[in-house]
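This is what each chain is made of:
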Amino acid sequence: MREIPALIVLVLLFSSTACARKNSPNNFSTIGEEQAILPPIKPSELDSIHSQSWHWYYGKFNVSYADSERKLGFKLSLKCSKDSATNALISFAAIPVFNSLITPDSLIYLNKKDRCFGAFPATYLKKLVGLELSLQNLQELFLGLPIAYQPLENVEVITSNHPDTLIFRQVNKDFSTQYLMAKRHHQLTHQHLNLSDGRSMQVTYLDWNKGPVNTPSSILIRILEPGNEATIKLTVDRFELNIPQEISLEIPENYEKCP
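Computed from a prediction, not measured in an experiment: that's the story for all the values here.

Turning next to the overall build of the protein. A count of helices and strands for the protein gives four helices and 14 strands. Evaluated residue by residue, the protein yields a buried proportion of 51% over its 259 residues. Within the protein, counting contacts between residues at least 6 apart in sequence, those at least 24 apart form 57% of the total. Approximately 12,500 Å² of the protein is accessible, and the part contributed by carbon and sulfur atoms is 51%.

Written out as structure tokens, the structure reads:
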């Protein structure tokens, strides 16, 4: 079970797009779309989605994970306080196995099976997987908000073959992100990210819960790298929005540091 912390990193860190390395816009493609680019604009569509008001989020997910070597199924319980903290609890067969707390500065996790813990500054995650963890990016992914969108920066508009689809790309010195939005429902359908080392991530929102703030009820994440493809599907079993959550994690006195 020692490989599961890496899985937590995979599920949670790949949702971060504050990449440690610069991505070239020329490496970014949209499958099935024309690549004519219009002059940069600042679209109100993305602004309005990005600025939706939320403060608390709770979601209980059924998660399936598969890559070229294995398949796993587990439960994920997620509590978020906006820009402050996220608590992720992973359970197998209704037994809590790993618990973690992510803040803007740190990551702490408990391995309940082996009765050990890990505590690291956020910068350790960059060393571990080559990405800097952004708590805000993580929360944006689960809330269906544009990941790493910068409202004060220009974006490129890409022509689409689909009349109901708007496509935007935003590029800065650290990362490139492409957003596909359904005009009819005024919500994202896809988010595409390319990493400079050849890996890429595609996030597809398959279904939504309707409310004052629409939130995804089914998310499919595809992570592609040379020689391997991993898929993560998250299906919401239960969720709450803007209801205060208790978010904390205590390390038991009898736990030792994980090897």
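Here the narrative resumes, following the displayed structure.
A complete count under the given rule lists one disulfide for this structure. In this model Cys116 forms its disulfide with Cys258; the gap between the sulfur atoms is 2.1 Å. Between Cys116 and Cys258, the S-S torsion sits near 90°, and that sign places the bridge as right-handed. Taken together, the residues span a long stretch of sequence, with Cys116 in strand S6 (residues 116–121) and Cys258 in the segment after strand S14 (256–257) at a distance of 142 residues. By relative accessible area, which is 6% here, Cys116 ends up buried.

Our focus in this paragraph is the pairing of strand S9 (residues 176–182). Burial of S9 is extensive: seven of the seven residues sit out of reach of the surface. Side-chain alternation along S9 places Ser176, Gln178, Leu180 and Ala182 on one buried face and Thr177, Tyr179 and Met181 on a second face that is also buried. A loop of four residues connects S9 with strand S10 (residues 187–194), the two strands running antiparallel in sequence, and His186 in this loop sits at a positive phi of about 55°.

Counted under the stated rule, the structure contains five aromatic pairs. Ring centres of Phe74 and Phe92 lie 5.7 Å apart, and the angle between their planes is 45°; on these two criteria the pair is classed as tilted. Of the two residues, Phe74 sits in strand S2 (residues 71–81) while Phe92 sits in strand S3 (residues 85–92), which places them 18 residues apart along the sequence.

Summarising the element assignment, Lys60 is placed in strand S1 (residues 56–66). Those residues in contact with Lys60 that sit more than four places away from it in its chain are Leu76, Ser77, Thr235, Val236, Asp237 and Arg238.

Definitions and limits used
Residues numbered from 1 in each chain as written. Predicted model: local features only at pLDDT ≥ 70, side-chain atom pairs only at ≥ 80, totals over all residues. Heavy atoms only, no water. Helix = DSSP H or I, 4+ residues; strand = E, 2+ residues; numbered from the N terminus. Buried < 20%, exposed > 50% of the residue type's maximum accessible area, 1.4 Å probe, protein only. Contact = heavy atoms within 4.5 Å. Areas by Shrake-Rupley, 256 points an atom, 1.4 Å probe, with all protein chains shown as cover. Disulfide = S-S within 2.5 Å. Pairing = 2+ DSSP bridges. Phe/Tyr/Trp six-rings, centres within 6.5 Å; stacked < 30°, edge-to-face > 60°.

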